[in-house]
Amino acid sequence: MKRTLTNLSLVLSGLLAGALFFEIVLRLIGFSFPLFYRYDVHAGHRLLEGAEGWYRMEGEAYVRINGQGMRDDREITVRKAQGVYRIAVLGDSFTQAKELPVEKSFWRLLEVKLNQCKPFAGKAVEVLNFGVDGYSTAQELQALRHRVWQFQPDMVLLAFYSGNDIQDNSREFATDHMQPTFAYRDGQLVLDDSFLAASRYQPGLNIIWLMHQQISQYSRVLQLLNKARDMAHQAVRRPTKHASANEGPTELFDYHKIYLQPREDSAWENAWRVTEGLVVQMSREVAAGGATFVIVTLSKGIQVHPDSKEREAYARYLGVTDLFYPEKRIQALAKTSRLRLISLAEPFQKHAEENRVYLHGYPNATVGFGHWNDKGHALAAKMISEELCKTNP
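First things first, this report covers the structure right here in the doc. (Residues numbered from 1 in each chain as written. Predicted model: local features only at pLDDT ≥ 70, side-chain atom pairs only at ≥ 80, totals over all residues. Heavy atoms only, no water.)

**Brief notes about the pairing of strand β4 (residues 61-64)**
Burial of β4 is one-sided: the residues A61 and V63 facing one way are buried, the residues Y62 and R64 facing the other way are not. Of the strand pairs in this sheet, strand β3 (residues 52-55) and β4 are connected by four bridges, and their pairing is antiparallel. Among the inter-strand pairings, Y55 is bridged to a residue of β4, identified as A61. Between β3 and β4, which pair antiparallel one after the other, the connecting turn spans five residues, and G59 there sits at a positive phi close to 70 degrees. (Buried < 20%, exposed > 50% of the residue type's maximum accessible area, 1.4 Å probe, protein only. Helix = DSSP H or I, 4+ residues; strand = E, 2+ residues; numbered from the N terminus. Pairing = 2+ DSSP bridges.)

Structure (structure tokens):
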């Protein structure tokens, strides 16, 4: 027994020494892969309070999640101060904006610009970022219901990204089923939160996983293991049955059916109807909460590519005359439902072509595609603020 204990202690000491050695090496080379997310029973996942670290997969930025679970370098008080006008921004990875420093994000720049023009009876403006990577409109509605209202927003701004929002609002198309969706039943949108019972979801709610998340904030070795697990998960993830076998790996061919008018009886038309219903439902709940609702439609890389030949070639590939079907559909919805809409894709295209500038992409990823770069964020802040500064909504 004594010999066994001695051998066991030697093995454990060796493992500990090896882990410490690799920890030092990983820190010296600047490796960082923190966990920014945790499980959430309402929205599937949300940002992990207090998480921080470098993100370098696309762009480069030190990302900090504040104590309220927002990607922000400031701590936000729940109670709104007197004389403050609060804007809550709901969105996905474009809004979370982990690709660049927080001060270059469109919502932080928007706050600066609105405090210069003071359109809300001279009140100081606070813009709160509720954007979470991977969120669908359904998850944003759940976030509104269960997180946003406690911060007493005067305006709710929905940053709508047609690149995957329509697909992710459909249980049939969504690539990750660990999230809530809605479906029409007897003319009403009904929540489907069956993901809560999934065997893959349950471990994320136990104390062991929560401890792992906390320790991972400090251990580079665990971060390396987390990255390996994430890469393995991405490798085995299968495309949906509706994906074309000829689609390429780049963003150019992802979700290309959003640019096409779907058949009336198709799954894509159903996804669109659910999406439109979610937007209208959100607008009603915002109005019932005494706030103003604004929807901002974002751009996709190919839509605003500065080279018109690239855009035209892709349009020919799809068999369409332009790439703005999602924008036109949301514009029609805004007109019939009397929603305040700020549509960015078409003016973005004009700006990109006239100035020969890329608004999407980073040198360490794919220039022209992916998320907005600093120029895209700056232009979005400029256009949104110009619209909001015109009149008091």
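Here the narrative resumes, following the displayed structure.
**Focus on a nonpolar patch on the surface**
Residues L20, F21, I24, V25, L28 and I29 make up a contiguous nonpolar surface patch of roughly 630 Å² in combined accessible area. Among the structural elements, I29 can be located in the loop between α1 (2-28) and β1 (37-40). Using a relative accessible area of 61% as the deciding quantity, one classes I29 as exposed. (Patch = residues over 30% accessible without salt bridge, like charges linked within 9 Å, V, L, I, M, F, W, Y side chains within 5 Å. Areas by Shrake-Rupley, 256 points an atom, 1.4 Å probe, with all protein chains shown as cover. Salt bridge = Lys/Arg side-chain N within 4 Å of Asp/Glu carboxyl O.)

**Some points on helix α10 (residues 325-337)**
One full turn of an α-helix is made of 3.6 residues, so residues set three or four places apart face in the same direction. The end-to-end C-alpha distance of α10 is 18 Å, a good match for the 18 Å that 13 residues give at a rise of 1.5 Å each. For α10, the complete set of buried residues consists of Y325, P326, E327, R329, I330, L333 and A334. The secondary structure elements touched by the buried residues of α10 are β7 (155-160), α8 (267-288), β10 (292-297), β11 (340-343) and α11 (345-355). Looking one or two places after α10, you find R338, whose phi comes out positive at around 55 degrees. (Expected span 1.5 Å × (residues − 1). Contact = heavy atoms within 4.5 Å.)

**Digging into the pattern of salt bridges**
As enumerated under the stated definition, the model contains 23 salt bridges in all. Between R329 and E276 there is a salt bridge, and its shortest N-O distance comes to 2.7 Å. Of this pair, R329 sits in helix α10 while E276 sits in helix α8, and the two are 53 residues apart along the sequence. Neither R329 nor E276 differs from the other in exposure class; each is buried. Salt bridges sharing common partners tie together D72, D73, R74, R108 and E111.

**What to know about the packing of aromatic side chains**
The tally for this structure, following the rule as stated, stands at 11 aromatic pairs. Relative to Y62, the ring of W54 has its centre 5.5 Å away and its plane inclined at 80 degrees; by these criteria the two rings are edge-to-face. Judged by its relative accessible area of 35%, W54 is partly exposed. Ring-pair connections join several aromatic residues into one group, and the members of that group are F94, F106, Y161, F348 and W372. One Lys or Arg, K98, reaches over the ring of Y55 and ends 4.9 Å from the middle of that ring. (Phe/Tyr/Trp six-rings, centres within 6.5 Å; stacked < 30°, edge-to-face > 60°. Lys NZ or Arg CZ within 6 Å of the ring centre and 35° of its normal.)

**Structural notes on unusual backbone geometry**
Located in the positive-phi region is K118, a residue other than glycine, with phi close to 50 degrees. Note on placement: K118 falls in the loop between α3 (106-117) and β6 (124-129). Exposure remark for K118: the relative accessible area of 42% places this residue in the partly exposed category.

**Some points on the state of the cysteines**
Overall, the coordinates contain one disulfide when judged by the stated rule. Shown here is the disulfide that connects C117 with C389, its sulfur atoms set 1.9 Å apart. On the S-S bond that ties C117 to C389, the torsion sits near -75 degrees, and the link is left-handed. Placement of C117 in helix α3 and of C389 in helix α12 (residues 374-390) is noted, with a sequence separation of 272 residues between them. (Disulfide = S-S within 2.5 Å.)

**Some thoughts on the environment of E49**
On the secondary structure map, E49 appears in the loop between β2 (44-47) and β3. A relative accessible area of 26% places E49 in the partly exposed class. Note: C-alpha distance between E49 and R64 (15 residues apart in sequence) is 8.9 Å. Non-local contacts of E49, meaning those with residues more than four positions away in its chain, are made with R38, I65, N66, G67, Q68 and G69. A distance of 3.0 Å separates the side chain of E49 from the side chain of R38, its partner in a polar contact. (Polar contact = N/O pair within 3.5 Å; in protein donor to acceptor, adjacent residues only side chain to side chain.)

**Regarding the packing of α11 against α12**
Between α11 and α12, whose axes approach to 11 Å, the crossing angle comes to 125 degrees. As far as their axial angle goes, α12 and α11 are oblique. Where α11 crosses over α12, the two elements pack in a sense that is right-handed. Here α11 contributes P347, F348 and H351 to the contact with α12, which in turn contributes G376, L379, A380 and M383. Class assignment for the residues of the contact of α11 with α12 results in five nonpolar, two polar and no charged. (Axes fitted to C-alpha atoms, helices over the stretch in contact; angles between N-to-C directions. Parallel < 35°, antiparallel > 145°, perpendicular 65-115°, else oblique. Left-handed = near helix turned anticlockwise from the far one by under 90°. Nonpolar A, V, L, I, M, F, W, Y, C, P; charged D, E, K, R; others polar.)

**Quick word on the nonpolar core**
Ranked by internal contacts, the top residues of the largest apolar core, which has 53 residues, are L90, F130, L144, M282 and F293. Contributions of two or more residues to this core are made by β5 (84-90), α4 (137-148), β7, α8, β10, α9 (308-318) and α10. Among the elements that make up this core, the one with the highest residue count is α8 (nine residues). Sequence-distant contacts of L90, defined by excluding residues within four places in its chain, comprise T95, F130, E140, A143, L144, V148, V156, L157, L158, A159 and M282. (Core = buried A, V, L, I, M, F, W, Y, C linked by side-chain atoms within 4.5 Å.)

Function cannot be inferred from these measures alone, as they are strictly geometric.
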